[in-house]
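Here is how the chains run, residue by residue.
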Amino acid sequence: MVRRLFRTILLLFLCGVIVVECLQSEVSAYERKDHDKYMLEALFKHFKEVDNDPGITEKLEALESASYLCIDQFNSKGQRDLDKLLHFGVKGIPKNINEISFDASGTTHRSYTHRGWRSTNNSLPTEKRELREQILLNTADAVFDFAGNEKQKESFCALIYYIHLLGDHMDDSSYKVNNGLKMEVGGRKDKTDIIHELETHIAVVFSDQSHTHKYQSLMASLEKYNSRFYKLINSEGGINTDEKFAEKQEYVEGLTKLLTYYLPEMLKDEPFFYQAFYE
C-alpha cells in the first residue's frame, strides 16, 4: 500500500516536471537565431544578395550582437558578443558584460528590457538601461555614416528594437500563457504601443521620403492595423478567448510581413544604408 502510494506520488511529480518543462520551452521558443533572421528580413527583402561579402557579414553580425546585448542579454551571458563589437571597433561601450547584465529568466527578462525604446517603465537601473541602448547606438555609428544626423541614427536603432519586440509577440502561444511583460502591439489610447512607436521613428528615418507612395502606403497600412488592434483590445473582456487570440496573432503576422515588404526598399533609398551595404 505504502509502496503503491509512493509510486503514485512519484508519477505525479514527474508529470508535473514534464508539464513545467514544456511550458518553459513554449514560452522561450523564439530563439536568438529567429530574431536575427527576422531582423535581416526586415532590413533586406532578399538578404542573400549581400550575404556573401565578408565585410558585409561582419557588419550584419555586429548589428545582431548589439541588438542582443541591448534587448535580450541577461544572467552574465554575451561576453563574446561584447568582445566581437570591441574587435569590430565600436567605441564607448563596456568591456565587461556584468556592467549591463541583470538576473532573470527567459520570460522575466522581458519585463526589464521590452517595455519600449528609452522607456523608464521598468525595474532596470537607469545606468544599465542607458549603457545597453548606447551599445546599439554606437554600433550603428560604427556600421553606418549618418552624416551627423543623430535623430536618424536614434530612430533607426529604435526600429531594430521594435522589430525585435514584434518577434516576441509572434512567439506568443496563448492568451493564457504568460510570455513575459512587454509593450503591446497596437490600439492603445495613450499610444504607448509598438505601432505608434513605429510610426514615430519611421517618420524620422525616412523623412526625405515622406512624399513617396511607398512611405504613405506604409503609414496608412500601419494605421489600419492600429484600428484593428484598437477594436480587438477594447472588445468586451479584451483578448480573452482562443478566437480573439488567433485574431491578434493574425494581425501581428500581417504587421511583420508589412515591414518586410516596405522597409528594405525604403532603406535602400537612404544614403546611410545604401553606402554600407550596396556600394
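All figures in this text were calculated on a predicted structure; none of them were measured in a lab. (Residues numbered from 1 in each chain as written. Predicted model: local features only at pLDDT ≥ 70, side-chain atom pairs only at ≥ 80, totals over all residues. Heavy atoms only, no water.)

Visitor: Would you mind showing me how to read the overall build of the protein here?
Guide: A count of helices and strands for the protein gives eleven helices and zero strands. Taken from the N to the C terminus, the helices and strands of the protein come in the order α-α-α-α-α-α-α-α-α-α-α. Considering the protein as a whole, with its 279 residues, one finds that 48% of them fall into the buried category. Once local pairs closer than 6 in sequence are excluded, the contacts in the protein between residues at least 24 apart make up 68%. When the accessible surface of the protein is summed, it comes to about 14600 Å², and 53% of that surface belongs to carbon and sulfur atoms. (Helix = DSSP H or I, 4+ residues; strand = E, 2+ residues; numbered from the N terminus. Buried < 20%, exposed > 50% of the residue type's maximum accessible area, 1.4 Å probe, protein only. Contact = heavy atoms within 4.5 Å. Areas by Shrake-Rupley, 256 points an atom, 1.4 Å probe, with all protein chains shown as cover.)

Visitor: Where do I start with the environment of Asn226 in this structure?
Guide: Looking at the secondary structure, you find Asn226 in helix α9 (residues 213-233). Note: C-alpha distance between Asn226 and Ile195 (31 residues apart in sequence) is 6.6 Å. Among all residues touching Asn226, those that are not within four sequence positions of it are Gly186, Gly187, Asp193, Ile195 and His196. Here Gly187 takes part through its backbone nitrogen, which lies 2.8 Å from a polar atom of the side chain of Asn226. (Polar contact = N/O pair within 3.5 Å; in protein donor to acceptor, adjacent residues only side chain to side chain.)

Visitor: Could you clarify how one ought to interpret the layout of surface pockets in this entry?
Guide: The gaps of empty space that remain are located by a probe, the size of a water molecule, rolled over the atoms. The space that makes up the largest pocket amounts to roughly 680 Å³. Taken together, 29 residues form the lining of the largest pocket, with His169, Lys182, Met183, Glu184 and Val185 sitting closest to its centre. (1 Å grid on protein atoms, 1.4 Å probe; cavity = no way out; pocket = protein on both sides within 12 Å on 5 of 7 lines; lining within 4 Å. Points joined across faces, edges and corners; volume = space filled by probe spheres on them.)

Visitor: Before we go on, may I ask you to explain unusual backbone geometry in this structure?
Guide: Glycine aside, the phi torsion of most residues is negative, and most peptide linkages are trans. For Arg118, which is not glycine, the phi dihedral falls at a positive 65 degrees. Mapped onto the fold, Arg118 is located in the loop between α5 (110-113) and α6 (126-143).

Visitor: Sorry, what's going on with helix α2 (residues 32-43) here?
Guide: Residue pairs three or four apart in sequence face the same way in an α-helix, which turns once every 3.6 residues. Helix length check: α2 (twelve residues) gives 17 Å between terminal C-alpha atoms against 16 Å at 1.5 Å per residue, within 8%. Turning to α2, its buried residues are His35, Asp36, Tyr38, Met39, Leu40, Ala42 and Leu43. Lining the buried residues of α2 we find α3 (54-71), α7 (150-170), α10 (242-268) and α11 (271-277). (Expected span 1.5 Å × (residues − 1).)

Visitor: Can you help me understand empty space enclosed by the protein in this one?
Guide: The final tally for this structure, using the stated rule, is two cavities of 30 Å³ or more. For the largest cavity, the calculated volume is near 110 Å³. Only α5 and α6 provide two or more residues apiece to the lining of the largest cavity. No other element matches the three residues that α6 contributes to the lining of the largest cavity. In terms of residue class, the lining of the largest cavity is built from five nonpolar, five polar and five charged. Its volume calculated, the second largest cavity comes out at about 40 Å³. Surrounding the second largest cavity, Leu43, Phe156, Leu159, Ile160, Ile163, Leu263 and Leu267 form its lining. Contributing elements (two or more residues each) for the lining of the second largest cavity: α7 and α10. Per element, the largest residue contribution to the lining of the second largest cavity is four residues, and it comes from α7. Tallied by class, residues from the lining of the second largest cavity come to seven nonpolar, no polar and no charged. (Nonpolar A, V, L, I, M, F, W, Y, C, P; charged D, E, K, R; others polar.)

Visitor: In this structure, what is going on with the packing of aromatic side chains? I would like to understand it.
Guide: For any two aromatic rings, the description comes down to two numbers: the centre-to-centre distance and the angle of the planes. Using the criterion set out here, one finds 21 aromatic pairs in the structure. Through a chain of ring-to-ring contacts, three or more aromatic side chains come together here, namely Phe44, Phe144, Phe146, Phe156, Phe272, Phe273, Tyr274, Phe277 and Tyr278. We note Arg32 situated over the ring of Tyr68; from NZ or CZ to the ring centre the distance is 4.4 Å. Sitting over the ring of Tyr225, Arg228 keeps its end group 4.9 Å from the ring centre. (Phe/Tyr/Trp six-rings, centres within 6.5 Å; stacked < 30°, edge-to-face > 60°. Lys NZ or Arg CZ within 6 Å of the ring centre and 35° of its normal.)

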